[in-house]
Amino acid sequence: MLCGAARVRVSNVVLIVFEFPESGFVVLIVFEFQMSVLPNIERYILCTQGLRSELSMANSFRKLVSCVILDLDGTLLNTDCIVSDVLRVYLVKHGKQWDGRRAHRIVGKTPYEAAAAVVEDYELSISADELLSETSPIFADQWCKIKAQPGANRLIEYLKSNGVPLVLASNSPKANIEEKISHHQGWKESFSFIIGGDEVKSGKPSPEIYIEAAKRLKMDPSSCLVIEDSLPGVIAGKEAGMEVVAVPSLPKQSQLFTSADEVINSLLDFRPEKWGLPAFEDWVEGTLPIEPWYIGGPVIKGFGRGSKVLGIPTANLSTEGYSALLSDHPSGVYFGWARLATQGVYKMVMSIGWNPYFNNTEKTIEPWLLHDFNEDFYGEDLQLVIVGYIRPEANFPSLETLIAKIYEDREIAEKALDLPLYLKYKEDTYLKKSLQHSC
Ligand code: ADP
Ligand code: RBF
Ligand code: MG
């Protein structure tokens, strides 16, 4: 029985795995090929998470790829924040109010098309060209402030260090792309080349930009993996005949991306091994170390369901004043250390996001302190240092399965926090001082 085929490394080694469950034998056949002469079977992979788990979880074929094409705005850069900030101010001057729910009308479009959408949506009495010429200099002043999306630097460094050809293909004009990425060290040199929207006749959703990228890479489109945050970009990639991973930049949009081969929550969730590329090596015992971040304030009332519905109390913090910090961090399950002003420092595991099982409308922080307390501590100051990531938030078929998963998260966090890598943050200076409150 043929169980799976996996190309290991970007080089030309192919593993064909035959498993004979009756006898318990596993036969591995290793081939070395020239990429150009790989027959079809070598170009597919059964999800690889290490060979063993690959075989057990293997129920979906994925294509093997040899190169990665990245979108810029929304995918590598958190451009949406800047765009909404600029338009909010600009629209007020025209007597209009920015509506965040319409952001999807702009995302992934060429500058002209985005401007035309704004003119139409807000019934402005100017042309798209006029809007563009008025806003372009304002945007240009902001490029230096655009932050990299979480996981963007890690992804670029990893692809580069593993010799995976990497291309940047964006609907923005090339000059704008160059300016935007100049603020991010090491990015420009990591790309084999960059293609701007002004170098093709039609921007995304036309597949032209991706077809051109494959041509310049001298790769078949089916060997290219596109990573995109927007619907026009996903459509373009699929139309070009490429594999596409969608990483929606706007919240609660994943159901729109049905044409993508995979939808992930953030770049932290990208698993290159699923596409035949080498796996990231920075996961430690089911956790991904992150640059620590800090949040604190008095414990407030939450949805009133943590203890009651799940039997898992979560000490909620007000998100007021933390909206920028929260939008910087993808929703998901994280862990770290928690300090209660009068009681001490405890291990903590938490979710950030919209709790898909309950479909909240607000992004909340739900820290579960891994300690049995005799009493509630509403109003008490809680300080958190968040040091690692576990998984994206998910929906579950039942409350029992959600609860079981949260207990699994707890176990992962409890163990991980004993590792020196995470344990050291228990002594973080942030947890040594009380919060300063302005009166
Ligand atoms: P709410 O919806 O108001 O947050 P929960 O049912 O989630 O209510 O319970 C959270 C409250 O329970 C916290 O605000 C805190 O006062 C208390 N609590 C007791 N033990 C814990 C714990 N181990 N972790 C978090 N909160 C706890
Ligand atoms: N809610 C979800 O809908 N999906 C999740 O994947 C999820 N993961 C969680 C993981 C942890 C460690 C914790 C503490 C909570 C998680 N929750 C999740 C949130 C849970 O639904 C929340 O605590 C309740 O909604 C309480 O308001
Ligand atoms: Mg709670």
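Here we summarise the structure given alongside this text. (Residues numbered from 1 in each chain as written. Chains lettered and ligands numbered in written order. Predicted model: local features only at pLDDT ≥ 70, side-chain atom pairs only at ≥ 80, totals over all residues. Heavy atoms only, no water.)

1. Focus: the coordination of the magnesium ion (ligand 3)
Think of it this way: four donors in a tetrahedron around the metal ideally sit 109.5 degrees apart, and six in an octahedron ideally sit 90 or 180 degrees apart. Filter applied, for reference: For Na, K and Ca the donor cut-off is 3.2 Å, and for all other metals it is 2.8 Å, counting N, O and S atoms only; because water is absent from this set, sites may look incomplete. Only protein chains enter the calculation, and the probe is 1.4 Å; a residue is then buried if its accessible area is under 20% of its type maximum, exposed if over 50%, and partly exposed in between.
Listed as protein donors to the magnesium ion (ligand 3) are Thr314 (O), Thr314 (OG1) and Asn316 (OD1); their distances from the metal cover 2.2 to 2.4 Å. A residue is classified by how much of its surface remains accessible, and Thr314, at 23% relative accessible area, is partly exposed.

2. Observations concerning unusual backbone geometry
For the record, the criterion: Each helix is a run of H or I in the DSSP string that is no shorter than four residues. Each strand is a run of E no shorter than two, and both are numbered from the N terminus.
Put simply, Lys204 and Pro205 share a cis peptide bond, and its omega is 15°. Here Pro205 lies in the loop between β8 (193-195) and α8 (208-217). Of note, the phi angle at Glu285 is positive, near 45°, even though the residue is not glycine. As for its placement among the helices and strands, Glu285 is situated in the loop between β11 (262-263) and β12 (288-300). Classification of Glu285 as exposed rests on a relative accessible area of 53%. Despite not being glycine, Asn359 has its phi angle at roughly 50°, a positive value. One can find Asn359 in the loop between β15 (344-353) and β16 (364-369). Take Asn359: its relative accessible area is 53%, and that puts it in the exposed class.

3. Quick look at the sheet that holds β12
We count it as follows: What makes two strands pair is DSSP finding at least two bridges between them. Here a residue-residue contact requires only that any non-hydrogen atoms of the pair lie within 4.5 Å. Orientation is described by axes fitted as lines to C-alpha atoms, over the contacting stretch for helices, and by angles from 0 to 180 degrees between their N-to-C directions.
With respect to topology, six strands assemble into an open sheet ordered β13-β12-β17-β14-β15-β16, the strand pairing being antiparallel. Across the chains shown, the open sheet's two edge strands, defined by having one partner strand only, are β13 (316-317) and β16. The pairing of strand β14 (residues 332-340) with β15 spans nine bridges and is antiparallel. From the neighbouring strand, Gly332 faces β15, where its bridge partner is Ile352. Across the face of the sheet, helix α12 (residues 399-416) comes into contact with β14, β15, β16 and β17 (381-391) while running at roughly 100° to β17.

4. Some details on the site of ligand 1
Put simply, the test is: In these notes, residues near a molecule or strand are those with any non-hydrogen atom within 4 Å of it. We define a polar contact as two N or O atoms separated by no more than 3.5 Å, with the added condition that, inside protein, one atom must be a possible hydrogen donor and the other a possible acceptor, whereas residues neighbouring each other in sequence contribute only through side-chain atom pairs. By the convention adopted, Pro, Cys, Tyr, Trp, Phe, Met, Ile, Leu, Val and Ala count as nonpolar, Lys, Arg, Asp and Glu as charged, and the other residues, Gly among them, as polar.
Residues in contact with ligand 1 amount to 20 residues; listed here are only the nearest, Gly304, Ser307, Asn316, Phe377 and Tyr378. Thr314 is positioned such that a nitrogen or oxygen atom in its backbone is 2.9 Å from an oxygen atom of ligand 1. Between an oxygen atom of ligand 1 and a main-chain N or O atom of Phe377, the distance comes to 2.7 Å. Contributions of two or more residues to the shell around ligand 1 are made by α10 (306-310) and β16. Top element by residues in the shell around ligand 1 is β16. It accounts for three residues. Of the residues assigned to the shell around ligand 1, the class counts are 10 nonpolar, seven polar and three charged.

5. A few points about the site of ligand 2
How we decide: Exposure was quantified through the Shrake-Rupley algorithm and a 1.4 Å probe, taking into account, for residues, occlusion by the shown protein chains and nothing else.
Among the 21 residues in the neighbourhood of ligand 2, the closest are listed as Arg305, Asn355, Tyr357, Arg391 and Ala394. Contact distances for ligand 2 include 3.1 Å between an oxygen atom and a side-chain N or O atom of Asn355. Between ligand 2 and the protein, one listed contact pairs an oxygen atom with a backbone N or O atom of Tyr357 at 2.8 Å. When ligand 2 sits alone it has 540 Å² of accessible area, and the protein chains cover 99% of it.

6. Here's the deal with the packing of helix α3 (residues 111-121) against helix α4 (residues 128-142)
To be explicit about the condition: Comment on the angle field: the value is read as roughly parallel under 35 degrees, roughly antiparallel over 145, roughly perpendicular from 65 to 115, and oblique elsewhere.
Here α3 crosses α4 at 110°, and the two axes come no closer than 8 Å. With respect to α4, the axis of α3 lies roughly perpendicular. Residue-level inspection shows Pro111, Tyr112, Ala115, Ala116, Val118 and Val119 of α3 in contact with α4, the latter providing Ala128, Asp129, Leu131 and Leu132. Here the contact of α3 with α4 is built from residues that sort into nine nonpolar, no polar and one charged.

7. Overview of the environment of Asp418
With respect to the element layout, Asp418 can be found in the loop between α12 and α13 (420-423). By relative accessible area, Asp418 is classed as partly exposed at 47%. Along the sequence, Asp418 and Lys347 sit 71 residues apart, while their C-alpha atoms lie 9.5 Å from each other. Ignoring sequence-local partners within four residues, the contact set of Asp418 consists of Lys347 and Leu423.

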